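Residues per chain are reported as follows:
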Amino acid sequence: MSQYTTPVTTAFEMQRATIEQSQKALKQSIEFQKNMNEAMLGSLDSQESAQRRGVELAQTAVHNYLDTVESTVPGVAPTVEEIRTTVDEQYEFLLENHAEVFENVEAEFHEGAETYDEMTGDVVAALDEQIDLLVEAHEDLEDQSVEAVEQWGDQLEDLQDQVEEVQEQVREVQEQAADAVEA
């Protein structure tokens with residue numbers, strides 16, 4: 001009987017394997033996105049630090065320029081000091097805003113990543129539940145299909161037995177007729 005059911009069970013096993021592989025691929029892609037979110041969040045500190053150093057370097061360059069002007073031009077010290085104070089105030093304001101912007105970006109990105117994690121967690125849970133139901137229904141369909149194929153195989157074997165019996169009866173009748181004709 002397995003000659004009839006083996007291809008059917010193999011087909012169903014391959015279908016279930018495909019379903020399971022698709023489910024695994026989806027979970028891996030979601031996990032990849034989570035890792036990317038974490039990496040992006042982790043890189044924000046480095047970006048902020050690099051940009052802060054760039055701003056501080058620009059401030060130092062302005063200070064060096066003002067130092068040069070002050071040392072080479074007599075009598076400009078009070079004016080240079082006023083400019084230095086104004087420049088420092090502006091850079092301090094810029095650095096405060098810079099830090100605040102990065103805090104806000106980091107908080108928003110972190111919140112978005114948490115929302116994504118929650119949402120995908122819910123989606124994966126619902127998907128797992130649906131796939132479990134699908135696999136269960138698929139297994140039921142396989143059982144019904146195997147049973148139908150077994151019944152078909154039994155009927156085919158019965159029919160083959162009947163055909164063989166009829167052929168045997170025809171052969172016997174032919175032999176009897178041949179014997180009768182010879183006699």
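As the structure is a prediction and not an experimental result, all values here were calculated from the model.

How each quantity is defined
- Residues numbered from 1 in each chain as written.
- Predicted model: local features only at pLDDT ≥ 70, side-chain atom pairs only at ≥ 80, totals over all residues.
- Heavy atoms only, no water.
- Helix = DSSP H or I, 4+ residues; strand = E, 2+ residues; numbered from the N terminus.
- Rg over C-alpha atoms; globule rule 2.2 N^0.38 Å.
- Buried < 20%, exposed > 50% of the residue type's maximum accessible area, 1.4 Å probe, protein only.
- Contact = heavy atoms within 4.5 Å.
- Areas by Shrake-Rupley, 256 points an atom, 1.4 Å probe, with all protein chains shown as cover.
- Salt bridge = Lys/Arg side-chain N within 4 Å of Asp/Glu carboxyl O.
- Polar contact = N/O pair within 3.5 Å; in protein donor to acceptor, adjacent residues only side chain to side chain.

> Can you tell me about the overall build of the chain, naming the residues and giving the values?
If you tally the helices and strands in the chain, you get two helices and zero strands. By the compact-globule yardstick of 16 Å for 183 residues, the chain is too spread out, its C-alpha radius of gyration being 42 Å. Counting the 183 residues in the chain, one finds 19% classified as buried. Counting contacts in the chain only where the partners sit at least 6 residues apart, residues at least 24 apart contribute 87% of the total. By element, 55% of the accessible surface of the chain is carried by carbon and sulfur atoms, the whole surface being about 13,300 Å².

> Outline the pattern of salt bridges, supporting the account with residue identities and numerical values.
Inspection of the entire model under this criterion finds seven salt bridges. Ionic pairing is found between R84 and E81, a salt bridge with its closest N-O pair at 3.7 Å. Here R84 and its partner E81 are both found in helix α2 (residues 77-182), three residues apart, which amounts to about one turn of the helix. Residue E81 is classed as partly exposed on the basis of its relative accessible area of 40%. One salt bridge connects R171 with E168, and the closest N-O pair in it is separated by 3.4 Å.

> An account of the environment of Q23 is requested, with residue identities and associated values reported.
The buried category is assigned to Q23, whose relative accessible area is 13%. Between the C-alpha atom of Q23 and that of I131, which follows or precedes it by 108 residues, the distance is 8.1 Å. Not counting residues up to four positions away in its chain, the partners in contact with Q23 are D128 and I131. Within the structure, Q23 has its side chain in polar contact with the side chain of D128 (distance 2.5 Å).

> Provide a residue-level description of the side chain of H63, including the pertinent values.
Of note, H63 is situated in helix α1 (residues 2-72). On the basis of relative accessible area, H63 is assigned to the buried category, the value being 17%. A polar contact of 3.0 Å, which involves the side chain of H63, links it to the side chain of R84. The residues touching H63, leaving out its near neighbours within four places in the chain, are R84 and D88.

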